[in-house]
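Okay, here's what each chain looks like letter by letter:
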Amino acid sequence: MIKKYCFGESVNTGATVLKLDSSQEELSYFKVKKQDQDTKGYQFIYLMDEKTQVFGLGENVRGMNKRGFIYESHCSDDPNHDEGKRSLYGAHNFILIRGKQNLGVFIDFPGKVRFDLGYTDKDEIRIEVDGEDFDFYLICEHSISEIAKRFRNLIGKSYVAPKWALGYQQSRWSYKNEAEVEAVIKGYRENKLPLDAVYLDIDYMERYKDFTVNKKAFPDLKCFAKHLKEQGIRLVPIIDAGVKIEKGYDVYEEGVKEDYFCKDANGKDFIGAVWPGKVHFPDFLQEKTRRWFGDKYKVLMDMGIEGFWNDMNEPALFYSEEGLKEAFEALDQLRALENIGIDEYFEMQNIMGSIQNSEKDYGRMYHQYNGEMVCHNKVHNLYGYNMTKAASEAFDRIEPDKRILLFSRASYIGMHRYGGIWTGDNKSWWSHLKMNIQMMPGLNLCGFIYSGADLGGFGDHATEDLVMRWLEFGIFTPLMRNHAAIGTREQEAYRFKDLEGFRNILNLRYSLMPYLYSEYMKAILEDKMYFRPIGFDYEEDEMAWQVEDQLMVGESMMIAPIYTQNAKGRYVYLPSDMLMLRIRSMEDMDRKVMEKGHHYIEVGLNEVLCFIKPNHLVPTTNPSLCIDTLKEDKLNLWGYVTSEATYMLYQDDGYTKKYEDETHYTKIGIKKQEEKYELSLSRNTVKINMNIN
Ligand code: MIG
């Protein structure tokens, strides 16, 4: 059951799709406190007992169970994802409380919301909303999974990526020209390593101007894209939020003329600075701006581009004109002093350090909404969401039947209908591999199914073992992209010594595609979670709820990734008997039925460890170098069957939007008859080779 409580006026963020009337009853489970006159907000207090756990909040640091820390929804371009961070790039105001009564809470408010989950008082959840106009949704269901599903019903169906975007993808900030892109592809293809896409970071543009191509670096992008597609490889360019201020640049000139940009307090176009230098920010809160900016993607689509990533849309702000002026003035005052003491020295550092992404600057930026000027701070968390909505709605106009790859860095609840997300600038650190594992279920709870982290890590230098272990986990994330920052050690799979090991890992991704794709599509079409903490599947098992480093992937599998350097194995908790698979390659793996309970399992660097639940199946196929050439008409069925199992295989063309069709499903049944397994199929479109237990 979902109840909506409206506070003040509705803000209409577009996060939800279900139309609900405001409940007149008193809000149960929470004590409501109005904040003082200055703060003008609300506080909601919930009392936790010892066993209470809290899940959700999408993109955030720390464990799957978020109890014990404080988080703040404020989309932030912050590349230091350490344990102390309260906000990352997304604002995902949904929590799921596992207590005496299981509850889901969603705060639909585009300004700041704090989720103090036992930080100030270890037994209290305090939700603080920095405003008076918002909607509070309360979801009550018996089971945790049911709450997760209800929330998805509320916010609508997730975006569906084209199937090629579930292939392995390579990116790096610094592929500067055609030759460098070709070299990467050669590195993959010559070593028989699968690859589906190469990303173009900001260097493909002319002076970082959106929707332009640097002609020297890419003389004929259309022809180049066509040539790569013939090899099964797509190019995915980046689009940044800020539009360069430059005379003669059409996007800039149109924006100024038609009033598409955010304003300053005086009604002039707000000036900030990002990679292109000085920029204006499109006012994505306005419908007309969304339409205009969205249609610009066509420039690249006409060159054969089928995918995009939206960056810097928190929006990131290196400095504003006014902010910089103030900083210089403050520095001048210091310079005028005869002696710079220690206090002044730190003040100076502070002045320099607080220029970027400053809240004061955000407060100087205005949107036009329904004829009113709205201060950016009030709607900050909607910026990336509306940029992505703009692109997605344009794709529907430009290519109505085709799936286009789209994901964003900043996001808000509801953006999952328009695109996926990647989790931004992590580092090549083992702790960030663990963070990636722990973040995925939270993202899924908020509807972001097409998501993933920069595999191998973005900042800092990667090592071979880290990249290998990270890819072993990445096999299971729908967005499987290796991405690194300029200046860091090269980390493409072919750069390392154990090429065969990398080949086996990447091949496994493609071999598992019949399963991974079926589970990906069913998670979207049925509002299910693709990644789940294991307690979600074993609600009665208290031990399962303690596990922070294993995940259920789709309906049949559990994974237990290795995320520590030099580890030769790990402890795994099995919430039931399961079939263990320790995979070196499709031809070489160990299979063993293991009993419910704790186990230490040895896992070599080149081995992938996964498990199949009892009476569950996993369809696999032979690998290929890209999704376009993957054959899925003869499947090799893995399974652990003690009595009988059924599996719904989902197969469609992967490129059009006709995904809701009965004919995409094949029901596979296995029945154990004495020592034999009997196979049944609802259709004869696939051939099955059994590989049970
Ligand atoms: O300020 O475009 O998160 O993936 O490589 C850095 C360069 C801007 C941040 C993105 C990252 C991308 C980088 N961008």
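Residues numbered from 1 in each chain as written. Predicted model: local features only at pLDDT ≥ 70, side-chain atom pairs only at ≥ 80, totals over all residues. Heavy atoms only, no water.

S.K.: Help me out: how do you make sense of the overall build of the protein chain in this one?
M.R.: When helices and strands are tallied, the protein chain shows 16 helices and 41 strands. Along the first, second and third principal axes, the C-alpha atoms of the protein chain reach 85 × 65 × 55 Å. Within the span of the protein chain, comprising 693 residues, buried residues form 62% of the whole. Surface exposure of the protein chain reaches about 26,900 Å², of which carbon and sulfur atoms provide 47%. (Helix = DSSP H or I, 4+ residues; strand = E, 2+ residues; numbered from the N terminus. Buried < 20%, exposed > 50% of the residue type's maximum accessible area, 1.4 Å probe, protein only. Areas by Shrake-Rupley, 256 points an atom, 1.4 Å probe, with all protein chains shown as cover.)

S.K.: I keep staring at the environment of Met48 and nothing clicks. Help me out?
M.R.: Looking at the secondary structure, you find Met48 in the loop between strand E3 (42-47) and strand E4 (53-56). Of the residues examined, Met48 reaches a relative accessible area of 5% and is grouped as buried. If sequence neighbours within four positions are ignored, Met48 has contacts with Val54, Arg67, Leu117, Gly118, Lys122, Asp123, Glu124 and Ile125. (Contact = heavy atoms within 4.5 Å.)

S.K.: It is not clear to me how the sheet that holds strand E11 (residues 134-140) should be interpreted in this structure. Could you clarify?
M.R.: Two orientations exist for strands paired in a sheet by backbone hydrogen bonds: parallel and antiparallel. Spatially, five strands are ordered E1-E11-E8-E7-E4 in an open sheet, and the strand pairing comes out antiparallel. Strands at the two margins of the open sheet, each flanked by one partner only, are strand E1 (2-7) and E4. With direction set aside, neighbouring strand axes in the sheet form an average angle of 20°. The sheet contact formed by strand E7 (residues 94-98) and strand E8 (residues 103-108) spans four bridges and is antiparallel. Bridging from a neighbouring strand, Ile97 pairs with Leu103 of E8. (Pairing = 2+ DSSP bridges. Axes fitted to C-alpha atoms, helices over the stretch in contact; angles between N-to-C directions.)

S.K.: Hey, could you run me through the pairing of strand E9 (residues 113-117) in this one?
M.R.: Every other side chain in a regular strand lies on the same face of the sheet, so the side chains alternate between the two faces. Taking burial as the measure, the five residues of E9 include five buried ones, the bulk of the element. Taking every second residue as pointing to the same face, both faces of E9 are buried, with Val113, Phe115 and Leu117 on one and Arg114 and Asp116 on the other. Sheet topology note: the E9/strand E10 (residues 124-129) ladder contains five bridges and is antiparallel. Bridging from a neighbouring strand, Arg114 pairs with Glu128 of E10.

S.K.: How do you make sense of the domain arrangement of the protein chain when you look at a structure like this?
M.R.: By a widespread convention, an interface's size corresponds to the accessible area lost as its parts come together. Each assigned domain of the protein chain is listed here: domain 1 (2-155) and domain 2 (516-692). On the domain 2 side, the residues contacting the 16 residues of domain 1 number 17 residues. Roughly 1,300 Å² is buried in total at the junction of domain 1 and domain 2, and carbon and sulfur atoms are behind 50% of that figure. Contact with domain 2 buries area across many residues of domain 1, yet Met64, Arg98 and Arg152 alone supply 44% of it, more than any other trio. (Domains from an automatic or database assignment. Buried area = accessible area lost by both parts, 1.4 Å probe.)

S.K.: Help me understand a nonpolar patch on the surface, please; the structure alone is not making it clear to me.
M.R.: Together, Leu337, Ile340, Ile342, Tyr345 and Phe346 make up an exposed nonpolar region whose accessible area comes to about 470 Å². Overall, Tyr345 belongs to the partly exposed group, its relative accessible area being 35%. (Patch = residues over 30% accessible without salt bridge, like charges linked within 9 Å, V, L, I, M, F, W, Y side chains within 5 Å. Salt bridge = Lys/Arg side-chain N within 4 Å of Asp/Glu carboxyl O.)

S.K.: How do you make sense of the site of the ligand when you look at a structure like this?
M.R.: In the neighbourhood of the ligand, 13 residues make up the surrounding shell, with Asp201, Asp311, Arg409, Asp425 and His483 lying closest. In the environment of the ligand, a nitrogen atom lies 2.8 Å from a nitrogen or oxygen atom belonging to the side chain of Asp311. Contacts to the ligand include His483, whose side-chain N or O atom sits 2.9 Å from an oxygen atom. Burial of the ligand by the protein amounts to 95% of the accessible area it has alone, namely 350 Å². Tallied by class, the residues present in the shell around the ligand amount to eight nonpolar, one polar and four charged. (Near = heavy atom within 4 Å. Polar contact = N/O pair within 3.5 Å; in protein donor to acceptor, adjacent residues only side chain to side chain. Nonpolar A, V, L, I, M, F, W, Y, C, P; charged D, E, K, R; others polar.)

S.K.: Would you mind going over the sheet that holds strand E5 (residues 70-73) with me for this structure?
M.R.: Spatial strand order, E2-E3-E10-E9-E5: five strands in an open sheet with antiparallel pairing. Whereas interior strands pair on both sides, the edge strands pair on one side only; in this sheet they are strand E2 (31-34) and E5. The mean angle between the axes of side-by-side strands here comes to 15°, regardless of whether they run parallel or antiparallel. Inspection of the sheet shows E5 paired to E9 by four bridges, in the antiparallel sense. Counted as the bridge partner of Glu72 is Arg114 from E9.

S.K.: Help me understand the pattern of salt bridges in this model?
M.R.: When charged atoms on two side chains of opposite charge get close, those side chains can pair. Scanning the entire structure with this criterion turns up 63 salt bridges. Note that Glu128 and Arg114 form a salt bridge whose closest N and O atoms lie 3.0 Å from each other. A residue pair is termed long-range when its members are at least 10 positions apart, and Glu128 in strand E10 and Arg114 in strand E9 qualify at 14 residues. Note that Arg532 is salt-bridged to Asp537, the shortest N-O span being 2.6 Å. You can call Arg532 buried: its relative accessible area is 10%. Three or more residues joined by partner-sharing salt bridges are found here, namely Glu72, Lys112, Arg114, Glu128, Asp130 and Glu359.

S.K.: Would you mind going over the packing of aromatic side chains with me for this structure?
M.R.: For any two aromatic rings, the description comes down to two numbers: the centre-to-centre distance and the angle of the planes. Scanning the entire structure with this criterion turns up 57 aromatic pairs. On the basis of an interplanar angle of 75° and a centroid distance of 5.5 Å, the ring pair of Phe30 and Phe136 is categorised as edge-to-face. Of this pair, Phe30 sits in the loop between E1 and E2 while Phe136 sits in strand E11, and the two are 106 residues apart along the sequence. When its relative accessible area of 7% is taken as the criterion, Phe30 is described as buried. Relative to Trp309, the ring of Tyr199 lies with its centre 5.6 Å away and its plane at 75°, an arrangement referred to as edge-to-face. Here Trp309 lies in strand E18 (residues 307-311) and Tyr199 lies in strand E13 (residues 197-200), a separation of 110 residues in the sequence. Neither Tyr199 nor Trp309 differs from the other in exposure class; each is buried. Chaining the aromatic ring pairs together yields one cluster made of Phe211, Tyr260, Phe261, Phe270, Phe281, Phe284, Trp292, Phe293, Tyr297, Phe308, Tyr383 and Phe395. Arg62 extends its terminal NZ or CZ atom over the ring of Phe69, reaching a point 3.6 Å from the ring centre. (Phe/Tyr/Trp six-rings, centres within 6.5 Å; stacked < 30°, edge-to-face > 60°. Lys NZ or Arg CZ within 6 Å of the ring centre and 35° of its normal.)

S.K.: Help me understand helix H3 (residues 221-229) in this model?
M.R.: Of all the positions in H3, only Leu221, Phe224, Ala225 and Leu228 are classed as buried. Taken down its axis, H3 places every buried residue within 100° of arc, on the same side. Summarising the contacts, the buried residues of H3 are in contact with helix H2 (178-190), E13, strand E14 (234-240) and helix H6 (298-301). (Arc of directions from axis to C-beta.)

S.K.: Help me understand the side chain of Asn386 in this model?
M.R.: Examined against the element boundaries, Asn386 turns out to sit in helix H11 (residues 383-398). Contacts of Asn386, omitting those with residues within four sequence positions, involve Phe284, Leu285 and Arg290.

S.K.: When you look at helix H4 (residues 250-258) in this model, what are you seeing that I'm missing?
M.R.: Residues lying three or four places apart along an α-helix face the same way, a consequence of the helix completing one turn every 3.6 residues. For H4, every residue scored as buried is listed here: Val251, Tyr252 and Gly255. Summarising the axial view, the buried residues of H4 lie within an arc of 100°, below the 170-degree limit, and thus occupy one face. The secondary structure elements touched by the buried residues of H4 are strand E15 (243-244), strand E17 (277-280) and helix H5 (287-296). Among the residues trailing H4, Asp259 stands out with phi positive, at a value near 65°.

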